[in-house]
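Geometric and topological summary
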Amino acid sequence: MENKNSYYNDTYIPSIISFGRITNLLGVAFAFLPALVLCFVYNIYPPVSAVIAGVVMQVSVSGVFWFVEPISYFPVLGIAGTYMSFLSGNIGNLRLPASVAAQQAAGVEAGTEEGSIISTIGVAVSIIVNVLMLTVGVILGAQILGSIPPVIKGALNNILPALFGAMLAQQFVPNPKIGSVAVVLTSIMFFLMKNGYLSFLPGFPVYAVIIVAVFGTIFIGQKIVAADLAKKKEQ
């Protein structure tokens, strides 16, 4: 066991970090490739004012997720799963559920070394299946969608809420106290947003709901766990 732990921390994780940095930086470079081709091959240059306006708009909408998503997803995905997920995308609706399902099926706990390895396998399988399904969808998508009845097409809109509901149930059952905190905080923030109490915030304030729900649950969850440990020591 000591040899396994030593290999995990001294060999496996450093290699994952090194390879993950390279592949993610390559992903960033390739993301800019179409724009670079337009500029340097076709001599199409957008005005600086348009670029600045686009950057400001994008940062105001999604900038907060650059910090919230890695922090909130990392405990479940692990190091390797995080690199793979942020490179392949579809984290919330594909990679995270696949990671949770794999850990549940293997009977391992998120945040442990075993959980990290199982998460890596789950994320890898989801990426492979995702690529295969996308390939089929690109080739046969129009024909398949055209043959689906309208009732089923409408039902497909409920897949994502059902998926998140299943994930909440999976995490809520073993941790009802922390799960209740998450539900209450999210409900309160969602109520405030829907009724305009967060309108003083810039942009669409859904990011405020996510920030409070994520970090509020982390903070209160730590207090609950610490209190439970203190009670066990007293007993």
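Coordinates for the structure precede this section.
Residues numbered from 1 in each chain as written. Predicted model: local features only at pLDDT ≥ 70, side-chain atom pairs only at ≥ 80, totals over all residues. Heavy atoms only, no water.

Remarks on the overall build of the protein chain
Note the threshold: In DSSP terms, a helix is any run of H or I states spanning at least four residues, a strand is any run of E spanning at least two, and both are numbered starting from the N terminus. Only the protein chains shown count as cover for residues, and all accessible areas are computed by the Shrake-Rupley method using a 1.4 Å probe. Charge convention: Lys and Arg are scored as positive, Asp and Glu as negative, and His as well as the terminal groups of each chain are ignored. Just so you know, the charge point we use is NZ for Lys, CZ for Arg, CG for Asp and CD for Glu.
The number of helices and strands found in the protein chain is 10 helices and zero strands. Taken from the N to the C terminus, the helices and strands of the protein chain come in the order α-α-α-α-α-α-α-α-α-α. Along the first, second and third principal axes, the C-alpha atoms of the protein chain reach 75 × 55 × 45 Å. Here the protein chain displays about 15900 Å² of accessible surface, and carbon together with sulfur accounts for 73% of that area. Distance from the positive charge centre (10 side chains) to the negative charge centre (8 side chains) of the protein chain: 12 Å.

Examining the pattern of salt bridges
In plain terms, the rule: Criterion for a salt bridge: a side-chain nitrogen of Lys or Arg within 4 Å of a carboxyl oxygen of Asp or Glu.
For the structure shown, the criterion picks out one salt bridge. Notably, a salt bridge pairs Lys 177 with Asp 228, separated by 3.3 Å at the nearest N-O pair. Within this pair, whereas Lys 177 is found in helix H9 (residues 176–194), its partner Asp 228 is found in helix H10 (residues 206–234), the two being separated by 51 residues in sequence.

A look at helix H5 (residues 91–106)
To keep things clear, this is the line we draw: Throughout this description, buried means an accessible area under 20% of the type-specific maximum (1.4 Å probe, protein chains only), exposed means over 50%, and partly exposed covers the range between.
Inspection of H5 places Ile 91, Gly 92, Arg 95, Leu 96, Pro 97, Ala 98, Ser 99, Val 100, Ala 102 and Gln 103 among the buried residues, and these make up the whole buried set. Gly 107 lies just past H5 and shows a positive phi near 70°.

Digging into the side chain of Ser 119
Selection criterion: Whether two residues touch is decided by their heavy atoms; if any such pair falls within 4.5 Å, the residues are in contact.
Assignment of secondary structure puts Ser 119 in helix H6 (residues 113–147). Those residues in contact with Ser 119, other than ones at most four positions away along the chain, are Val 76, Leu 77, Gly 78, Ser 99 and Gln 103.

Here we look at unusual backbone geometry
With a phi close to 55°, Asn 43 is a non-glycine residue in the positive phi region. Mapped onto the elements of the fold, Asn 43 is located in the loop between helix H2 (33–40) and helix H3 (48–62). What makes Asn 43 exposed here is its relative accessible area of 56%. Notably, Asn 90 is not glycine yet its phi reads approximately 55°, a positive angle.

What about the packing of helix H4 (residues 65–88) against H10?
Each pair of packed helices can be summarised by the angle the axes make with each other and by the distance between the axes. Stated precisely, the cut-off is as follows: Every angle, taken between N-to-C directions, lies between 0 and 180 degrees, and every axis is a line fitted to C-alpha atoms, over only the stretch in contact when it is a helix. Roughly parallel covers angles under 35 degrees, roughly antiparallel covers those over 145, roughly perpendicular covers 65 to 115, and oblique covers all other angles. Crossing handedness: left-handed means the near helix sits turned counterclockwise from the far one by under a right angle, and right-handed means the same turn made clockwise.
It is at 11 Å that the axes of H4 and H10 come closest, and there the two elements cross at 30°. The angle between H4 and H10 falls in the class roughly parallel. As H4 runs across H10, the sense of the crossing is left-handed. Two secondary-structure elements touch here, H4 through Phe 65, Val 68, Ile 71 and Ser 72 and H10 through Val 206, Ile 210, Ile 211, Val 214 and Phe 215.

Here's the deal with the environment of Ala 230
Take Ala 230: it is sitting in helix H10. Separated by 173 residues in the primary sequence, Ala 230 and Met 57 place their C-alpha atoms 47 Å from one another.

Describing the environment of Ala 213
Topologically, Ala 213 is positioned in helix H10. Given the relative accessible area of 14%, Ala 213 is considered buried. Measuring from C-alpha to C-alpha, the distance between Ala 213 and Met 189 comes to 7.8 Å, with 24 residues separating the pair along the chain.

Comments concerning the packing of H5 against helix H8 (residues 159–172)
Spelled out, the test is: We call Asp, Glu, Lys and Arg charged. Ala, Val, Leu, Ile, Met, Phe, Trp, Tyr, Cys and Pro are nonpolar, and the rest, Gly among them, are polar.
Remark: H5 packs on H8, axes separated minimally by 11 Å, with the N-to-C direction vectors making an angle of 35°. As H5 packs across H8, the resulting crossing turns out to be left-handed. Across the interface between the two elements, Gly 92, Asn 93, Leu 96, Pro 97, Val 100 and Gln 104 of H5 pack against Leu 160, Leu 163, Phe 164, Met 167, Gln 170 and Gln 171 of H8. Along the lines of polarity and charge, the residues of the contact of H5 with H8 split into seven nonpolar, five polar and no charged.

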